[in-house]
Amino acid sequence: MTFLIAMLASCTYDPTVGTLPDNVGAAFAPCQESEIKFLATKHNFQTAFEPCGNNNFTAFAWSPDGSQLYFQLGQTGYVMDAVAENRATTTVPTPSPIGAASWLSSTRIALPVGPGPEDQEGPNRIAVFDLAQKSVFYRDTSFALVPDVLRSAQPDHALVVGQSADGAPKTLVRMDLADGSTEKAFDWLEDGFDTLTITPQADSLVVGRDNTVTHYLLDGTVKGTYTPALRGTVHPDGRWLALEHEGDEISIFYQRAWDDMSDAQRRREAQRAERLAETLPDSYPTTVRPPTLSFVDLNDGARWMLTSVHGEQFQWYEASPYYASFIFWGFEGKQFKRNVLLGQMGNRLRATEIGRKFMGVVPMNEIAEARSPEAKEKEAEAVEPEAPTAVVQ
């Protein structure tokens, strides 16, 4: 750290560009709560936690009724009563989570944890915490790593994503929580996936491998493949598929919300950022690819990308139709403090269905382009109008 500060202080640059410390300071300016609240309202989202808090979450999950929010902060899991006026928070009374959790019902949550304190060399376990009864029980697993637990269509079961060792292919098993016995969840599903989500209500399983997502029915029928995509989640009604992928590179020194400045000012600032990047060592990171969300209409395959908001670990918020939640990265290409964001997606998706423009929603494939207003205008201009037909009296 001392070396980096000395390097920043010793370098000089074109005075029209500003010093590296000046530009780094501008790029990572103090958090402005008012700006985050303004942009959240502008794009119809709300933050689950204070906008400028130290929200270094590694995982989160909403209960099916939307009343409880599980989140992992550091080495501890917590449950927040999201509908209580004081947002009371309960510490999940288990050892440190070793993977992501899922709600099995509106009061029971399952999470992977390590061995018990009485046997540090023992197996990893699945802990089931009952919030109403304030009780926990455990079931052993044979996996060395347990990155995720998913809700099963059967309330007394859980789906467990496990690995036999670091670097081993991931596999999916179904665990009977009554006795801890397991079996392969789907005979047709090949091991070695990167991401996996299941939506039993829509008979859907979505698997990510090597920047490609495949949408399956639960019997193994392939419904579609999508690239680029790291992870996907089907809406419970089966109409829309949310996809996560890396966005285009943007400068870490030049991140401005859309309405921050005029076009001329924006061009000057972008040029300054480019000149700054040219002066840095090749090993110094100058760009970032924000986590980006897009949506596929499963009726016809039209794919649309969100440019107004960025995030990851997307999940549909079951308590209210077409609401969604995710780990927040930023608005309009500008990074802010990490948070959990909750917002209404229905208006955006309905606009795409009828080819209407919606701020921050852009077509991402030819099918979506064909539905866009610009494409419809071009199509209308290319067609010679027919002579009016006489009206029969």
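Right above here is the structure, for reference.
Think of each chain on its own: its residues are numbered from 1, step by step along the sequence as written. Thresholds applied to this predicted model are a pLDDT of at least 70 for local features of residues and 80 or more for the giving and counting of side-chain atom pairs; totals over whole chains, interfaces and linings are not thresholded and use all residues. Side-chain metrics in this entry use all non-hydrogen atoms of the structure; hydrogen atoms and water are not considered.

A. Structural view of the overall build of the protein. Think of it this way: any DSSP run of H or I at least four residues long counts as a helix, any run of E at least two long counts as a strand, and we number them from the N terminus. Summing up its helical and strand segments, the protein has seven helices and 27 strands in all. Here the contacts in the protein between residues at least 6 apart in sequence split such that 44% fall between residues at least 24 apart. The Shrake-Rupley method, run with a 1.4 Å probe sphere, supplies the accessible areas, and residue values consider only the shown protein chains as cover. Taken as a whole, the protein presents about 20,000 Å² of accessible surface, with 51% of it coming from carbon and sulfur. Residue contacts are counted whenever heavy atoms from the two residues lie within 4.5 Å of one another.

B. The sheet that holds strand β9 (residues 135-140), seen in detail. If DSSP finds at least two bridges between two strands, the strands pair. Strand order in the open sheet formed by four strands is β6-β7-β8-β9, with antiparallel pairing between adjacent strands. The strands lining the two open edges of the sheet, one partner per strand, are β6 (102-103) and β9.

C. Region of interest: the state of the cysteines. Criterion for a disulfide: a pair of cysteine sulfur atoms within 2.5 Å. All told, the structure shown has one disulfide when counted by the stated rule. Each sulfur in the disulfide pair Cys 31 and Cys 52 lies 2.0 Å from the other. Its S-S torsion of approximately -80° makes the covalent link between Cys 31 and Cys 52 left-handed. With Cys 31 in the loop between α2 (20-27) and α3 (33-42) and Cys 52 in the loop between β1 (45-47) and β2 (57-62), this residue pair connects regions lying 21 residues apart in the sequence.

D. Representation of the environment of Gln 344 within the structure. For Gln 344, the location among the structural elements is in strand β26 (residues 334-344). Between buried and exposed lies partly exposed: a residue is buried under 20% and exposed over 50% of the maximum accessible area for its type, with that area taken using a 1.4 Å probe on protein chains only. Residue Gln 344 is classed as buried on the basis of its relative accessible area of 14%. As a C-alpha pair, Gln 344 and Pro 321 span 23 residues in sequence and 8.5 Å in three-dimensional space. Setting aside its immediate chain neighbours within four residues, Gln 344 contacts Asn 44, Tyr 322, Tyr 323 and Arg 350.

E. Representation of the packing of aromatic side chains. Here the aromatic set is Phe, Tyr and Trp, taking the six-membered ring for Trp, and pairing holds for ring centres within 6.5 Å; pairs whose planes are under 30 degrees apart are stacked, those over 60 apart are edge-to-face, and all others are tilted. All told, the structure shown has 16 aromatic pairs when counted by the stated rule. Each ring, one from Phe 71 and one from Tyr 78, has its centre 5.4 Å from the other, and the planes form 20°; the classification is stacked. Taken together, the ring pairs connect Phe 45, Phe 295, Phe 314, Trp 316, Tyr 322 and Phe 326 into an aromatic cluster. In our convention, an over-ring charge means Lys NZ or Arg CZ found within 6 Å of a ring centre and within 35 degrees of that ring's normal. A cation over an aromatic ring shows up here: Arg 125 above the ring of Tyr 138, its NZ or CZ 4.1 Å from the ring centre. Residue placement shows Arg 174 over the ring face of Phe 186; its charged tip is 5.7 Å from the ring centre.

F. Looking closely at the environment of Gly 167. In this fold, Gly 167 is placed in the loop between β11 (157-163) and β12 (171-176). Here the alpha-carbon distance between Gly 167 and Gly 192, two residues 25 residues apart in the chain, equals 9.8 Å.

G. The nonpolar core, seen in detail. Counting residues in each nonpolar core, the largest one holds 26 residues, and the members touching the most others are Phe 295, Val 309, Phe 314, Trp 316, Phe 331 and Met 345. Elements that contribute at least two residues to this core include exactly α3, β19 (240-246), β22 (291-297), β23 (303-306), β24 (309-317), β25 (323-331) and β26. With four residues, β25 is the single largest residue contributor to this core. Among residues more than four places away in sequence, those in contact with Val 309 are Phe 45, Phe 326, Phe 328, Gly 330, Phe 331, Glu 332 and Leu 341. Buried residues of nine kinds, namely Ala, Val, Leu, Ile, Met, Phe, Trp, Tyr and Cys, make up a nonpolar core once their side-chain atoms join them within 4.5 Å.

H. Focus on α3. Listed in full, the buried residues belonging to α3 are Glu 35, Ile 36, Leu 39 and Ala 40. All buried residues of α3 lie within an arc of 130° about the axis, which places them on one face of the element. Those residues of α3 that are exposed and aimed more than 90 degrees away from the buried face are Ser 34, Phe 38 and Thr 41. In this structure, the buried residues of α3 make contact with β1, β25 and β26. Looking one or two residues beyond α3, the residue adopting positive phi is Asn 44, at roughly 65°. Each C-beta atom gives one direction from the helix axis, and the arc is the one those directions make.

I. Broad picture of the side chain of Asp 176. For Asp 176, the location among the structural elements is in strand β12. For the buried residue Asp 176, which engages in no salt bridge, the nearest side chain bearing the opposite charge is Arg 139, 7.0 Å off. Definition of a polar contact: a pair of N or O atoms within 3.5 Å, with one able to donate and the other able to accept a hydrogen when the atoms are protein atoms, and with sequence-neighbouring residues admitted only if both atoms are side-chain atoms. Here Ala 178 takes part through its backbone nitrogen, which lies 2.9 Å from a polar atom of the side chain of Asp 176. In this tally, Asp and Glu contribute negative charge and Lys and Arg positive charge; neither His nor the terminal groups of the chain are included. When a carboxyl oxygen of Asp or Glu lies within 4 Å of a side-chain nitrogen of Lys or Arg, that pair is called a salt bridge.

J. Just the pairing of strand β8 (residues 125-130), in detail. With six of six residues buried, β8 lies mostly within the body of the structure. Burial along β8 is two-sided: the residues Arg 125, Ala 127 and Phe 129 and Ile 126, Val 128 and Asp 130 are all buried. Across six bridges, the pairing between strand β7 (residues 108-113) and β8 is antiparallel. Following the sheet pairing, Ala 110 is matched in β8 by Val 128.

K. Region of the structure containing the sheet that holds β2. Judged by pairing direction, the sheet is antiparallel, and its four strands sit side by side in the order β2-β3-β4-β5 without closing on themselves. Two strands in the sheet have a free side with no partner beyond their single neighbour: β2 and β5 (89-91). Averaged over all adjacent pairs, the angle separating strand axes in this sheet is 20°, with direction ignored. As judged from the three bridges shared by strand β4 (residues 76-81) and β5, these two strands associate in the antiparallel manner. Bridged to Met 80 within β5 is Thr 89. Inter-axis angles, ranging from 0 to 180 degrees, are taken between N-to-C directions of lines fitted to C-alpha atoms, where helices are fitted over the stretch in contact.

L. Spotlight on helix α5 (residues 346-353). Gly 346, Arg 348, Leu 349, Ala 351 and Thr 352 are the residues of α5 that are buried. Looking at the residues trailing α5, positive phi occurs at Gly 355, about 70°.

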